[in-house]
Structure formats: C-alpha cells, structure tokens
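Listed here are the chains, written in short residue letters.
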Amino acid sequence: MRILIVGNGGRESAIGWKLKQDPRVKKLYFAKGNATTEELGENIYEESIPELVEFAKSEEIDLAIVGPEAPLVDGIVDEFRKNNIAVFGAGKKAASLEGSKAFSKRFMQQYGIKTAKAEVFDAYAMAIEYVRQQQFPVVVKASGLAGGKGVVICEDLEEAEATIHDFMIRRVHGVAGIQIVIEEYLQGFEASIIAFSNGEQLFPCVPAKDYKKVGDNDRGLNTGGMGAVAPSPEFNGMHYADFERNIMKPTLEGLKAEGLNFKGMIFFGLMVTRDGCYLLEYNMRFGDPETQVLLPLMENSLLDVIEDCLEGKPVDLKFSDKKAVCVVMCSGGYPRNIEIGCEIRGTEKVEDALVFFAGAQKSGKHIVTSGGRVLNLVALGDTYASARAKAYDEIKKVSFDYGFYRHDIGKVNDK
Ligand code: AMP
Ligand code: GLY
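These lines cover the structure that appears in this document, whether it is placed above or below. (Residues numbered from 1 in each chain as written. Chains lettered and ligands numbered in written order. Predicted model: local features only at pLDDT ≥ 70, side-chain atom pairs only at ≥ 80, totals over all residues. Heavy atoms only, no water.)

**Thoughts on the pattern of salt bridges**
Going through the model one piece at a time under the given rule, you end up with 34 salt bridges. The shortest N-O distance in the salt bridge between lysine 397 and glutamate 351 comes to 3.7 Å. One end of the pair, lysine 397, is in the segment after helix H13 (384-395); the other, glutamate 351, is in the loop between strand E18 (323-330) and strand E19 (354-357), with 46 residues separating them in the sequence. A relative accessible area of 68% places glutamate 351 in the exposed class. With a shortest N-O distance of 3.6 Å, aspartate 352 and lysine 390 are connected by a salt bridge. Highlighted residues: aspartate 352 in the loop between E18 and E19 and lysine 390 in helix H13, separated in sequence by 38 residues. Residue classification places aspartate 352 among the partly exposed residues on the basis of a relative accessible area of 43%. A relative accessible area of 26% means that lysine 390 is categorised as partly exposed. (Salt bridge = Lys/Arg side-chain N within 4 Å of Asp/Glu carboxyl O. Helix = DSSP H or I, 4+ residues; strand = E, 2+ residues; numbered from the N terminus. Buried < 20%, exposed > 50% of the residue type's maximum accessible area, 1.4 Å probe, protein only.)

**Here's the deal with helix H12 (residues 302-310)**
What H12 keeps buried is the set Leu302, Leu303, Val305, Ile306 and Cys309. Taken end-on, H12 shows its buried residues confined to a sector of 165°, consistent with a single buried face. Looking at the buried positions of H12, the neighbouring elements they touch are strand E1 (2-7), helix H1 (10-19), strand E4 (63-66), strand E5 (87-88), strand E10 (189-197) and helix H11 (290-297). N-cap assignment for H12: the residue whose side-chain oxygen lies 3.2 Å from the backbone N of leucine 303 is serine 301. Among the residues trailing H12, glycine 312 stands out with phi positive, at a value near 75°. (Arc of directions from axis to C-beta. Contact = heavy atoms within 4.5 Å. Polar contact = N/O pair within 3.5 Å; in protein donor to acceptor, adjacent residues only side chain to side chain.)

**Examining the packing of helix H8 (residues 124-131) against helix H9 (residues 157-168)**
Contact geometry of H8 with H9 gives a least axis separation of 10 Å together with a crossing angle of 165°. When the interaxial angle is binned, H8 and H9 end up roughly antiparallel. For the element pair H8 and H9, the recorded crossing hand is right-handed. Where H8 abuts H9, its residues Tyr124, Ala127, Ile128 and Val131 lie against Leu157, Ala160, Glu161, Ile164, His165 and Met168. Grouping the amino acids of the contact of H8 with H9 by side-chain chemistry returns 8 nonpolar, 1 polar and 1 charged. (Axes fitted to C-alpha atoms, helices over the stretch in contact; angles between N-to-C directions. Parallel < 35°, antiparallel > 145°, perpendicular 65-115°, else oblique. Left-handed = near helix turned anticlockwise from the far one by under 90°. Nonpolar A, V, L, I, M, F, W, Y, C, P; charged D, E, K, R; others polar.)

Next comes the structure, spelled out in structure tokens:
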C-alpha cells in the first residue's frame, strides 16, 4: 500500500514508524515530514489541500492519514473523500469540535457531557460584565485555533479584563479570539484519552498523561507538550468508569444526533477533580506527544485498525503491560523565541530507546534543529521507574547547542 501522512511532528514520525512494521505498507509519503520520516519514506513539499489531492491522485495513494488540526478544520478529509481517496480523519464538521471551543462547549452542554461551567461571548461588553461577577481564578479561552496559546488562567479581575481585551479587541490571535469562552477553573490532574472511531463506536487507547508546562514540577509557560507517559499513572479504573458513563457515552450520542460521525481519532482532554472527570476539550486527531507513547505499546497493526475503522468494523485494541516514557528535547528559548539550524549529535548512540524527530531536518550529512520541539526519545520498561531511568540514560547521549528537556517526566512512586 502507498500511504500519505500529513504533518511533520513527532506524532507523524511515530505513526510512520508504526505503519512501517506492517509488511503490506510499501511506500510512505509525508507532507512535509522531518528527519525521521525521510528515513521511513519520502518527504514531499505539496502543502495546500488541492495540491495534496492532486498528489494523492497522481501517485495513486491508497490511504491518507491526517495528523494536525489545521488541515482537518479546513476540510481536507471532505476533499479527499470527494475525490474517492481513502482518508482517516474527522471531516470538517466534526473537526469543529476542536476548531471552535464555542461549538464544542455548546455540544457538551446540550448532550449532558460533564464539563466545566462556561459561557460563550461574541460581544466584548457582555464578556466584561460577566467576568466581573465571577470568582477567581477563571479561564478565558479564544474559541478558534490559536496554536495552544489561546487559553489563559486568570488569577484576578485585572488579568481577566486584560485577556478579554487582548483576545477580542487587540485580536492577538486574529479571528480565533473574536468569540471567547469564559470557564470555571477546575483543579485536579489531567489525562488524555484518545479513541479510534469507526463511524459508529469509539475504541479508546489506554489513558496517557501529557506534560504541558516547560519547567520541572509543572512550572513556567505552557508548551505543545514536554513529554508523555502511558498508561497514565494516576488514572484508575474508577476514573475510567466515570469517563465512560459521563463523557464518552454522551459524546457518542451527541455525534450521532448531530450527524457528526466520522472515521478517525477523537481525543478527550480530561481534568480529574475530587468530583470526578470533567471534559476540558476535544481534539479531533492523534495527540502529540501522547501518540509517541501509545503506539509503541500498541500490539495491533495500526494499518489493520485504521482499515477496520474505515470499513465500519469493530476493533479490539491490545496494549502491552509495559510503561512508556517520552522525553521531548527542545531548542533553547522554547516556547518563546528559538534559534534553529543547530547540529544534533549523538542520536546514533541511542541503543535502547526510540528517537522520533519532530522539529529536525536533514542538512547534507547532518541533522539540524528546525523547530521548538526537536525530538522525542521514548523508552519502555516493566515499571515507570525503569522506563524513566532508560529514557534519561539514553537522552544524555544526545546534544545540540542550547537543547534542554524536563527532568521529571514519568516520575511516579513505583519501583
Ligand atoms: P484546552 O485547550 O481547553 O484543553 O486548555 C489548555 C490547557 O489549559 C488544559 O490542558 C489545562 O491545563 C488548562 N485548562 C483549560 N481549561 C481549564 C479549566 N477549566 N480549569 C483549569 N485548567 C484549565
Ligand atoms: N497533547 C495535547 C495535544 O495533542 O493537543
């Protein structure tokens, strides 16, 4: 089979790595890919949806898989379908559950999905009037896609008013912030559950944990993800039963009632509080960096699972009992201004872990940094402690100027 994977992050490296293990996969193309995907297949430079449709037709692509949210929200899946190209991912309408926080919040409210209390605003004056009556902290969210920067936890009224002004009047996130959601602040721990959809049913992977803050012990700015661990060390069977009943089941009912059914991935971003699980957000795709820890634990062929979903068949997901720890190595300055073009050394010395490049490209004989999150190093072990020890032993072998990573990924109290 000839497969096209859209995206260029660590997630797409992991998807390509997993697919490549299936002997039916003859050729992988990545748009635009990175240093890992260049080894797994061919990186292509077509970018717009019409260009990708043309590429898929001319290269006789048998299946396309879409990683990032932007092309999904822009309707890439609908265009591929129109052209009779098999594609795995949410259509434009379903992708608005990620592309519009206003739409997804209304969906959650309408279908009784357990979520934080919130109101949607299109008018600045009304948002200000409302926020003046709230308790703090309060969470202000730009409705549209803002590259992970559209959520601010406001500690007091002054910060909340300034954030609403930044989003709605100064438009620091462009049109993404014209409409906002003001939400109750929830305290707890977060978990990510990513499920395959066959258009009728959802098939969840084991729960994972993402580390969003740049610094050790969850200090500093939010990032695209500094690491991940699977299964989540905190999410237990009781939490899962709560999630299934109060979030996953009503979500499926809502998807059916609204005609939003799709064959692709759905990601539940959860906050687990003393009152149980709340849904913070949907992402309509594989998570990054969660995919980098889930796929190495998955015992099924990813191609079989995707094909079964596309045919509307049930799938029986199997995960190993091992633990997976992913440490993300970043460019100096991330998530603010970064320098790129630094040579990455030592990845060939990594023996007992996987290296999935993300913001890294080949340049002649070398691999150089080309983004904020440069590479993902993933280690497996029988315990969290052994997976974590292996990950940190191996990542010591890798270096580039100003590169850094968190030191506490996968730290839990087990032996
Ligand atoms: P979202 O894109 O809505 O998932 O928000 C991004 C991040 O902001 C989440 O992963 C949480 O860390 C945080 N966050 C979002 N909503 C809330 C909330 N209601 N209470 C506390 N933290 C939140
Ligand atoms: N790890 C969160 C995301 O993929 O958006």
